[in-house]
Amino acid sequence: MKLPGAHGRCGRGRAGSGRCNDALLQKRFNPFQTLQGSVIVTSGDNDWTDCHRPNNGNDLPTGCLAGFRDINYPIDPADSPYFHVDRPFAGPVKPSGNRIRENVTRVDNFGAQNVHWVEVCVSPRDSSVFRVEPRIVKANVFAR
């Protein structure tokens with residue numbers, strides 16, 4: 001059964017002490033295939049930054065992040081600390097290859113040198129569904 005509306009999953013797809021692996025990420029991703037409408041998926045620290053721990057597999061965190069992105073949404077392989085919003089319409093779907101993703105809005109949030117935040121407004125009646133607004137923290141703006 002397909003469930004309508006907007007849905008979200010904000011990180012923490014696995015426990016911080018669990019193993020980092022693509023099979024678990026795929027298991028967490030599969031239920032989203034039953035949803036109709038828009039979905040927000042963000043990675044949490046447990047999804048990739050904790051992967052370097054011995055009990056999590058001693059994996060390179062950036063490799064785990066790449067795995068998360070490969071499974072959950074299409075990406076540009078370059079990681080950027082800059083804010084931008086776009087709508088990449090095609091991407092990898094494991095294990096069968098590529099397919100169109102009609103309801104994907106990608107948000108790259110501010111990174112290390114730009115500590116700010118974004119506000120996401122969800123409006124199911126709007127054809128875009130999501131409106132993403134950058135919010136600049138004045139105390140974190142570099143003097144020019």
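S.K.: Hey, could you run me through the overall build of the chain in this one?
M.R.: The number of helices and strands found in the chain is three helices and eight strands. The order of α-helices and β-strands along the chain, N terminus first, is β-α-β-α-α-β-β-β-β-β-β. Looking at the chain as a whole, 31% of its 144 residues qualify as buried. Here the contacts in the chain between residues at least 6 apart in sequence split such that 59% fall between residues at least 24 apart.

S.K.: Mind showing me how you'd approach the state of the cysteines here?
M.R.: As used here, a disulfide is simply a covalent bond connecting the sulfur atoms of two cysteines. Tallied over the entire structure, the rule returns one disulfide. Summary of cysteine pairing: Cys64 is not part of a disulfide, and the nearest cysteine sulfur, belonging to Cys51, is at 3.1 Å.

S.K.: Sorry if this is basic, but what is going on with the environment of Tyr82 here?
M.R.: With respect to the secondary-structure elements, Tyr82 resides in the loop between helix H3 (61–72) and strand S3 (84–86). Through-space distance from the C-alpha of Tyr82 to that of Asn114 is 7.5 Å; in sequence the pair is 32 residues apart. In contact with Tyr82, other than residues within four places in its own chain, are Asp108, Asn109 and Asn114.

S.K.: What is the right way to look at the environment of Pro61 in this model?
M.R.: Looking at the element boundaries, Pro61 is found in helix H3. With 10 residues separating them in the primary sequence, Pro61 and Cys51 have C-alpha atoms 5.5 Å apart. Every residue in contact with Pro61, bar those within four places of it in the chain, is listed here: Trp48, Thr49 and His52.

S.K.: Would you take a moment to explain helix H1 (residues 22–29) for this structure?
M.R.: A turn of α-helix holds 3.6 residues, and therefore any two residues three or four places apart point the same way. Of the positions making up H1, those classed as buried are Leu25, Gln26 and Phe29. Seen end-on, H1 carries its buried residues on one side only, within an arc spanning 100 degrees. The exposed set on the far side of H1, more than 90 degrees from its buried face, consists of Ala23 and Lys27. Taken together, the buried residues of H1 touch H3. If you check the start of H1, you find a side-chain oxygen 3.2 Å away from the backbone N of Ala23, and it comes from Asn21.

S.K.: Whenever I open this one, the pattern of salt bridges confuses me. Can you help?
M.R.: Where charged atoms of side chains with opposite charge meet at close range, the side chains can pair. For the structure shown, the criterion picks out three salt bridges. The partner of Asp50 in a salt bridge is Arg53, with the nearest N and O atoms 3.5 Å apart. The partly exposed category is assigned to Arg53, whose relative accessible area is 34%.

S.K.: Sorry if this is basic, but what is going on with the environment of Arg131 here?
M.R.: The topology assignment puts Arg131 in strand S8 (residues 130–135). A residue is classified by how much of its surface remains accessible, and Arg131, at 44% relative accessible area, is partly exposed. Separated by 11 residues in sequence, Arg131 and Val120 place their C-alpha atoms 5.7 Å apart.

S.K.: Any chance you could explain unusual backbone geometry here in plain terms?
M.R.: Excluding glycine, most residues fall at negative phi; most peptide bonds, likewise, are trans. The backbone phi angle of Asn58 is positive, close to 55 degrees, even though this residue is not glycine. Within the secondary structure, Asn58 sits in the loop between helix H2 (45–48) and H3. When its relative accessible area of 54% is taken as the criterion, Asn58 is described as exposed.

S.K.: Explain the nonpolar core here, please?
M.R.: Burial of nonpolar side chains together is a common tendency in soluble globular proteins. Ranked by size, the top nonpolar core spans eight residues in total: Leu25, Phe29, Phe32, Leu35, Val41, Phe68, Ile71 and Tyr73. Contributions of two or more residues to this core are made by H1 and H3.

Calculation rules
- Residues numbered from 1 in each chain as written.
- Predicted model: local features only at pLDDT ≥ 70, side-chain atom pairs only at ≥ 80, totals over all residues.
- Heavy atoms only, no water.
- Helix = DSSP H or I, 4+ residues; strand = E, 2+ residues; numbered from the N terminus.
- Buried < 20%, exposed > 50% of the residue type's maximum accessible area, 1.4 Å probe, protein only.
- Contact = heavy atoms within 4.5 Å.
- Disulfide = S-S within 2.5 Å.
- Arc of directions from axis to C-beta.
- Polar contact = N/O pair within 3.5 Å; in protein donor to acceptor, adjacent residues only side chain to side chain.
- Salt bridge = Lys/Arg side-chain N within 4 Å of Asp/Glu carboxyl O.
- Core = buried A, V, L, I, M, F, W, Y, C linked by side-chain atoms within 4.5 Å.

So far we have only geometry, and geometry alone does not tell us how the molecule works.
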